[in-house]
Amino acid sequence: MGQISDNLFHIHQDLDLCFDKYQRDPTSITLLCVSKTKPIASILEAYQTGERHFGESYAHEADSKIKELKEAGYNDIVWHFIGPIQSNKTKIIATYFDIVESLDRIKIAERLDAQRPAGLKPLDVLVQVNISEEDQKSGCSFEDLPALIAFIQQKEHLNLRGLMGIAKETDNSEEIENSFMALKNEFDNYRKQYPHFDILSMGMTHDMESAIKCGSTEVRIGTAIFGPREYKHKENA
Ligand SMILES: *Cc1c(COP(=O)(O)O)cnc(C)c1O
């Protein structure tokens, strides 16, 4: 067994323990493999073990990987865009991705809607909410959320599925869980109005267990699957 499949085996074991501990239905939680900066061979190793959801953060890096894999016949991968979005990258993102998790402002929603190619189904989107109370982090504020959601709901080529959040990087799990619970509460409130909302994306390598405890339906795991990232060719997303 290779390193990546070995890692995935252990992550699924950890996830199973969390499902038992917090009485979560295993079918209600998706593992998103965050493959940014990682080569196609690594994606394929995870694919061979059965993974189908992959997350990328840099538009140009991702579009060449996605094209290559589609040309090689891997058409059943669900591609998630999870990085900060610059407006000059929305065309690439709207063209190549299945779901965008980092939508955080009206201008970007407008562009993704306009640039989603005709003939493709509406682009699934999540609104990224700033739950970490750190100014430099991207994400829509809780205050601005109602207006952004209302705007997206009117867009023919966007299909809003739920919310995404990134917790502060800290060892204080109480602080992390408070911010996850705030997002979970918001998600539950919106579900009364929009019952089709089905994705609450929260949890990364260091806070996966807290996220599942707090009701996450999708954990985004990079380091624990693929190892540390190398930023040699870092581009601006
Ligand atoms: C890189 C990234 C991840 C993965 O983080 P790890 O700590 O490596 O698991 C998750 N979510 C987002 C938005 C990311 O940019």
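This text goes with the structure placed above it.
Here is what the cut-offs are and how they apply
- Residues numbered from 1 in each chain as written.
- Predicted model: local features only at pLDDT ≥ 70, side-chain atom pairs only at ≥ 80, totals over all residues.
- Heavy atoms only, no water.
- Helix = DSSP H or I, 4+ residues; strand = E, 2+ residues; numbered from the N terminus.
- Rg over C-alpha atoms; globule rule 2.2 N^0.38 Å.
- Buried < 20%, exposed > 50% of the residue type's maximum accessible area, 1.4 Å probe, protein only.
- Contact = heavy atoms within 4.5 Å.
- Near = heavy atom within 4 Å.
- Polar contact = N/O pair within 3.5 Å; in protein donor to acceptor, adjacent residues only side chain to side chain.
- Nonpolar A, V, L, I, M, F, W, Y, C, P; charged D, E, K, R; others polar.
- Core = buried A, V, L, I, M, F, W, Y, C linked by side-chain atoms within 4.5 Å.
- Phe/Tyr/Trp six-rings, centres within 6.5 Å; stacked < 30°, edge-to-face > 60°.
- Pairing = 2+ DSSP bridges.
- Right-handed = clockwise from strand over helix to strand, strands pointing away.

A. Seen up close, the overall build of the chain. Tallying secondary structure elements over the chain gives nine helices and eight strands in all. Taken over the C-alpha trace, the chain has a radius of gyration of 17 Å; the compact-globule value for 237 residues is 18 Å, and the two agree within 12%. Taking the principal axes of the C-alpha coordinates as reference, the chain spans close to 50 × 45 × 30 Å. With 237 residues in all, the chain has 51% of them scored as buried. The contacts of the chain with a sequence gap of at least 6 include a subset with a gap of at least 24, amounting to 63%.

B. Representation of the site of the ligand in the model. As a matter of local geometry, the ligand sits amid Val34, Lys36, Ser57, Ile82, Ile166, Met204, Thr205, Arg220, Ile221, Gly222, Thr223 and Arg229. Within the side chain of lysine 36, an N or O atom sits 2.7 Å from an oxygen atom of the ligand. Between an oxygen atom of the ligand and a side-chain N or O atom of threonine 223, the distance comes to 2.5 Å. Here the shell around the ligand is built from residues that sort into five nonpolar, four polar and three charged.

C. Here's a closer look at the side chain of serine 201. Positionally, serine 201 belongs in strand 7 (residues 199–201). By relative accessible area, serine 201 is classed as buried at 0%. When residues no more than four places from it in sequence are discounted, the contact partners of serine 201 are Glu101, Leu126, Leu163, Met164, Gly165, Glu218 and Arg220.

D. Representation of the nonpolar core in the model. By size, the foremost hydrophobic cluster in this structure holds 65 residues, and its most contacted members are Phe54, Leu112, Val127, Ile152, Leu163 and Ile225. Per-element accounting of this core gives the leading share, six residues, to helix 1 (residues 3–21). In contact with isoleucine 152, not counting residues within four places along its chain, are Leu103, Ala109, Val125, Val127, Leu158 and Leu160.

E. Focus on the packing of aromatic side chains. Counted by the stated rule, this structure contains five aromatic pairs. Summarising the aromatic geometry, the rings of phenylalanine 54 and tryptophan 79 are spaced 6.0 Å apart at their centres and angled 40° between planes, so their arrangement reads as tilted. On the criterion of sequence distance, the pair formed by phenylalanine 54 in strand 2 (residues 53–56) and tryptophan 79 in strand 3 (residues 78–81) is long-range, its members being 25 residues apart. The burial state of phenylalanine 54 is the same as that of tryptophan 79; both residues are buried. Ring centres 6.4 Å apart and planes at 15° place the aromatic pair tyrosine 190 and tyrosine 194 in the stacked group.

F. Inspection of the pairing of strand 3 at higher detail. In terms of strand pairing, strand 2 meets strand 3 through four bridges, oriented parallel. Residue pairing in the sheet places glutamate 56 in a bridge with phenylalanine 81 of strand 3. Read from strand 2 through helix 3 (residues 59–71) to strand 3, the crossover connection turns out right-handed. Bridge count for strand 3 against strand 4 (residues 99–103) is two bridges, and the pairing is parallel. Residue pairing for strand 4: histidine 80 is matched across the bridge by isoleucine 99. With helix 4 (residues 90–96) bridging strand 3 and its parallel neighbour strand 4, the resulting β-α-β unit is right-handed.

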